[in-house]
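# Observations on the three-dimensional arrangement
Residue strings, one per chain:
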Amino acid sequence: MADTVGDAARTPDQAQPWAELGLKDDEYARIKEILGRRPTSSELAMYSVMWSEHCSYKSSKVHLRQFAELPTETPVGKLLAGIGENAGVVDIGQGYAVTFKIESHNHPSYVEPYQGAATGVGGIVRDILAMGARPIGVMDSLRFGPLHEPDTARVLPGVVAGIGGYGNCLGLPNIGGEVAYDHTYLGNPLVNALCVGVLRHEDLHLAKATGAGNQVILYGASTGADGIGGVSVLASESFDDAEGTNAGQAERSTEQVEAYPSTSSGRSSSTSSGRKPASKRPSVQVGDPFLEKLLIECTLEIFAAGLITGIQDLGGAGLSCATSELASAGDGGMHIDLDLVPLRNTTLSPEEILMSESQERMMAIVEPEHVEDFLAICRKWDVLATVIGEVTAGDRLVIDWHGETVVDVPPRTVAHEGPVYQRPYGRPEWQDQVQANGIDQLPRPAGGEELADTLLRLIGSPNLCDKSWVTDQYDRYVRGNSVLAQPDDAGVLRIDEYSGLGVALATDCNSRFALLDPYAGAQLALAEAYRNVASSGAEPLAITDCLNFGSPEDPAIMWQFSEAVRGLADGCRALGTPVTGGNVSFYNQTGSTPILPTPVVGVLGVIDDVTRRTSGGFSAAEHPIYLLGETRDELAGSAWAQVIHDHLGGRPPEVDFAQEKALAEVLIRASRRGLLGSAHDLADGGLAQALVESALRYGFGARIELPSEADPFVWLFSETTGRALVSVKEGADRDLASLCRINGVMLTKLGVVTAQEDASLEVVGQFMLPLTRIREAWQDTIPAVMATH
Amino acid sequence: MVVDVMPKPEILDPQGKAVTGALARLGFAGISVRQGKRFELDVIGEITEDRLAEVHRAAETLLANTVIETFNVRVEEAPEASEEDDQAESAEQTELATQAG
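What counts as what
Residues numbered from 1 in each chain as written. Chains lettered and ligands numbered in written order. Predicted model: local features only at pLDDT ≥ 70, side-chain atom pairs only at ≥ 80, totals over all residues. Heavy atoms only, no water. Axes fitted to C-alpha atoms, helices over the stretch in contact; angles between N-to-C directions. Helix = DSSP H or I, 4+ residues; strand = E, 2+ residues; numbered from the N terminus. Parallel < 35°, antiparallel > 145°, perpendicular 65-115°, else oblique. Left-handed = near helix turned anticlockwise from the far one by under 90°. Contact = heavy atoms within 4.5 Å. Nonpolar A, V, L, I, M, F, W, Y, C, P; charged D, E, K, R; others polar. Buried < 20%, exposed > 50% of the residue type's maximum accessible area, 1.4 Å probe, protein only. Polar contact = N/O pair within 3.5 Å; in protein donor to acceptor, adjacent residues only side chain to side chain. Phe/Tyr/Trp six-rings, centres within 6.5 Å; stacked < 30°, edge-to-face > 60°. Buried area = accessible area lost by both parts, 1.4 Å probe. Salt bridge = Lys/Arg side-chain N within 4 Å of Asp/Glu carboxyl O.

## Remarks on the packing of helix α21 (residues 555-575) of chain A against helix α23 (residues 657-672) of chain A
All names here are of chain A. Packing of α21 against α23 leaves a shortest axis separation of 9 Å and a crossing angle of 45°. Taken together, the axes of α21 and α23 lie oblique to each other. Relative to α23, α21 is oriented so that their crossing is right-handed. Contacts from G571, A574 and L575 in α21 reach F657, E660 and K661 in α23. The residue inventory of the contact of α21 with α23, partitioned by class, reads three nonpolar, one polar and two charged.

Structure (structure tokens):
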């Protein structure tokens, strides 16, 4: 029998498994204080999941406020929706807006790589859909353990197939992202999925339930026992008998991801480490992309018909999250009859129904006179839709089951007024040692032969090699609007077929730099993504971020986190790019070993005319090659230090946002004026990597003559920021030079693009490598490893 | 030997759901389908306890994804020993192991 509000009043002292559900004793006490009685088991389930790190942001909230304090102006206009909504919405002009967001699905992807990654894509797509936007593309930022490790051979192909399987079935192009490897990700891979959608300004929809008497409609998949492992403790026969399920606490703490502060659903299972599946319900969700496709088309038709008052997707914490957040953001209460929820499995208890993370579900608030039309559109798309309750005049969220009330709570206390922690944080002692352990004593290559050998080793290393084994499993041209996609610096999508308007997106993070200095590391991630977007010719407007860290209970980790947030906020202020929203994922660690701090930044830009975009590959012989920006001896944390010396120490390259803005200005102007044959940003691997990628793209060679005073090693492999490699169309040299002069960007002529026939990369006076040899070194790495498993 | 692999009962089975929907559209009402896989293994030599355990390990390692699927290993007589129609009933079956992850 369900535990009702009446039962709770009658048996105030009944023992409850709050600790197993991850609640602290003071949190449990506060729930009792809010309710004036003990919670029912359904209420306990709701509070425990909504007050988890993953939904409440209790550890990160106090730091994330810095993002909300940033000016909300982009170069094009004010943000139409910012932090706190399902996803931020950015005006891109001509009546169009785009919404984009990145979220993590790390732990589920470790437990079951295919489904974990697939449902990660599904969740972020529904977030975008809930804003009233048509999803138009996805990207993903991935981190795995070392490429040669057997478990990477399990996780990597599964994750890639899951992203491809779900995204391809949905018909969404995957236009880029990143993949990198480090041993700290071996037991804790990162799967961060980004989705971008487009809408007209007037179509914007926000997640709130207003207007007493309006109906609450649950539509999409029926509800099954997905992702509720940790809550099984409540479904067991009686609380006294809840032993053996203490996995709840440990499991809950392994998945702690959700959308920024107050909002949303996201997706993310709340449970299960998979290492010890102790609970009686499985915690893995299985996605159904074909249903999601129907859900997208159905929802967009309902939007177009003007039938929706409020909408929310169901993700992490399922119905608990959707009902409490919609009611909390609205002006009244809500009444739900849980018996009306369509179930895939009729043995589910009310607690489980409330917690279920079954995929492909949405909740809408609809005026009574529109309900019939709403249901008719759902029938047309073969989407199950059920009225399960209504908005009420009161201020309580009331949920009934079998005619009795099992939940009666103030929704704000569940959704928006959860606990807030000022976690202690402090710079760890080892940070000084890490920074003091610089690269001065590392032997550097000397002479042409050693430089050539270094180049070949670097370009074949897992982090720098050809990623097409991964990206070829994704459809990057479906929908016919992909203007640029991997391997270009940024993905560019055309918004419509008439205006020429497009958006550019890039995600970046060098987590090695973030370990050396989390403040600078976050800024370096921002600077790189910003530069990547500008390289395509688009103007960067706004960012989203996915902050992946270890346990917030460790002051050193909390310090890394707070530094990264501070760095990002300062960087965004300097660049004039607001943070539109994002996601925090804590507890990314294997045992006591945390991952490298990984603040992934996604930058969105706009380009007025996609025919003017700049590709990253040399496009014609005889084009002169220039380096934009200044090169300094900055090799700590670099790809060279890692690949050649397996060394991580020292201080990361300096960031200069004024220089980044100046460089972006040159790249954008030059693109609009059609001056460039190619543009490629310099980042991991430095100039050598950029030269190799620009040459390999269309098979052109290059002859490079470094300045006479230059140290060839530093020029080829330093990772100084604020630089880009460009090739210039015939006769455009002077225009580029004057652009650089006006903006204060150093311009250095490096050489010339050479023919495709017998193409080679020559650094005059140092080495000459045939392009075939370079291509071999670059592209064989991942296929060779995957073939052996 | 035969290894049957099925999605765990609580796990969503999109394939089975699609088949269920298609059957209904074709007029076969009231039929709910869950779809799994059947592997037929020709095992050389005598089937001993050790051999069975080995097949079990093989199923667990490769044939089934025990995070979301259950499997079942059983011994069936060689195919020519049974009629096609009533193979399931007539074949001498031994339920030997059922394993979920």
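## Describing the side chain of A:R476
Residue and element names in this part refer to chain A. Looking at the secondary structure, you find R476 in the loop between α18 (468-471) and β15 (482-484). Assessed through its relative accessible area of 16%, R476 is described here as buried. Here the side chain of R476 touches Q486 through a polar contact of 3.4 Å, landing on its backbone oxygen.

## What to know about the packing of aromatic side chains
All names here are of chain A. Evaluation of the coordinates by the stated rule reveals eight aromatic pairs over all chains. Ring centres 5.2 Å apart and planes at 75° place the aromatic pair Y47 and W51 in the edge-to-face group. With respect to class, Y47 is no different from W51; both count as buried. Considering the side-chain rings of Y219 and F374, the 5.2 Å spacing of their centres and the 90° angle between planes classify their relative orientation as edge-to-face. Here Y219 is found in strand β7 (residues 215-220), whereas its partner F374 is found in helix α14 (residues 371-380), with 155 residues between them in sequence.

## Regarding the interface of chain A and chain B
With 17 residues of chain A at the interface, the matching set in chain B holds nine residues. Roughly 1100 Å² of surface becomes buried between chain A and chain B when both sides are summed, with 61% attributable to carbon and sulfur atoms. At the boundary of chain A and chain B, one finds two salt bridges. The salt bridge involving B:R25 is made with A:D382; its shortest N-O contact spans 3.9 Å. Here chain A is connected to chain B by three residue pairs in polar contact (both at pLDDT 80 or more). Looking at the side of chain A that touches chain B residue by residue, the classes come out as six nonpolar, three polar and eight charged.

These figures come from the coordinates and say nothing about function on their own.
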